[in-house]
Amino acid sequence: MKRLVVALVSAGSLLISTAALAQTTPAPATAPAAAPAQQGTSTAAPVPGAKRAACQSSARALKGQDRHDQMRLCMAQAHVDCLKQAIDQKITGPQRKDFVKSCAG
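Residues numbered from 1 in each chain as written. Predicted model: local features only at pLDDT ≥ 70, side-chain atom pairs only at ≥ 80, totals over all residues. Heavy atoms only, no water.

## Some remarks on the state of the cysteines
The test is simple: The disulfide criterion is simple: two cysteine sulfur atoms within 2.5 Å. Starting at the N terminus, helices and strands are each numbered in turn, a helix being any DSSP run of H or I of at least four residues and a strand any DSSP run of E of at least two. The buried label applies to any residue whose accessible area, calculated with a 1.4 Å probe on protein chains only, is under 20% of its type's maximum; exposed applies above 50%, and partly exposed to all values in between.
By the definition in use, this model includes two disulfides. The partner cysteine of Cys 55 in its disulfide is Cys 74, sulfur to sulfur 2.1 Å. Between Cys 55 and Cys 74, the S-S dihedral sits near -80°, and the bridge is therefore left-handed. Placement of Cys 55 in helix α3 (residues 50-59) and of Cys 74 in helix α4 (residues 64-88) is noted, with a sequence separation of 19 residues between them. Here Cys 74 falls in the buried class, since its relative accessible area comes to 2%.

Here it is as C-alpha cells:
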C-alpha cells in the first residue's frame with residue numbers, strides 16, 4: 001500500500017513539474033521565424049536553477065529515499081527536456097553540452 005501511495009505521489013508530482021516546466025519553456029517555432037539568419041547562434045537563455053528548484057519543491061513532501069528518488073527522476077526529466085530543447089534549436093557540439101548543463105541547473 002505504501003508503495004502505491006509513493007508511486008501515485010511521485011507520478012503526480014512528476015506530471016505537475018513537467019507541466020510547470022513546459023510553461024516556462026519558450027516555443028521553438030517562434031524563434032527561427034523572428035531571426036532566420038541567427039538560427040544557429042541564437043539560443044534561449046535558460047534561467048539557472050529554475051528546474052532544480054521545481055524538482056526540490058515537488059520532492060519537498062517526501063522523506064528519505066523516496067525524496068532522493070523523486071529528485072533524481074525529476075532532474076533526469078529536466079535533463080531530457082533541456083536536451084530536446086537543444087535539439088530543436090539545432091545546438092551542437094560543446095555548445096549543446098553547456099546549454100543542457102545551464103538549462104537543467
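## Here's the deal with the nonpolar core
Condition: Throughout, nonpolar core names a set of buried Ala, Val, Leu, Ile, Met, Phe, Trp, Tyr and Cys residues whose side chains join them through atoms within 4.5 Å. In this analysis, two residues are considered to be in contact whenever any of their non-hydrogen atoms come within 4.5 Å of each other.
Of all hydrophobic cores here, the largest spans seven residues; its members are Cys 82, Ala 86, Ile 91, Phe 99, Val 100, Cys 103 and Ala 104. Mapped by element, the contributors of at least two residues to this core are α4 and α5 (94-104). For this core, the leading source of residues is α5, giving four residues. For Ala 104, the residues in contact, after removing those within four places along its chain, are Lys 51, Arg 52, Met 75, His 79 and Cys 82.

## Let's talk about unusual backbone geometry
For Lys 90, which is not a glycine, the phi torsion comes out positive at approximately 60°. If you trace the backbone, Lys 90 turns up in the loop between α4 and α5.

## Structural notes on the environment of His 68
Position of His 68 relative to the elements: it lies in helix α4. Looking at His 68, the relative accessible area reads 42%, which means it is partly exposed. Taking the C-alpha atoms as reference points, His 68 and Gln 56, twelve residues apart in sequence, are found 9.8 Å from one another.

## Thoughts on α5
This is how it is decided: An arc is given here, and it is the one of the directions from the helix axis to the C-beta atoms.
Along α5, the positions that sit buried rather than exposed are Phe 99, Val 100, Cys 103 and Ala 104. Around the axis of α5, the buried residues are gathered within 110° of arc, so they sit on the same side. Exposed residues on α5 whose side chains face more than 90 degrees from its buried face are Pro 94, Gln 95, Lys 97, Asp 98 and Lys 101.

## Section: the side chain of Ser 58
To keep it simple, the criterion reads: Two N or O atoms count as a polar contact when they lie within 3.5 Å, although within protein this holds only if one can serve as hydrogen donor and the other as acceptor, and sequence-adjacent residues are included solely when both atoms are side-chain atoms.
Mapped onto the elements of the fold, Ser 58 is located in helix α3. Residue Ser 58 is classed as buried on the basis of its relative accessible area, which comes to 16%. Polar contacts involving the side chain of Ser 58 include one to the main-chain carbonyl oxygen of Cys 55, which spans 2.8 Å.

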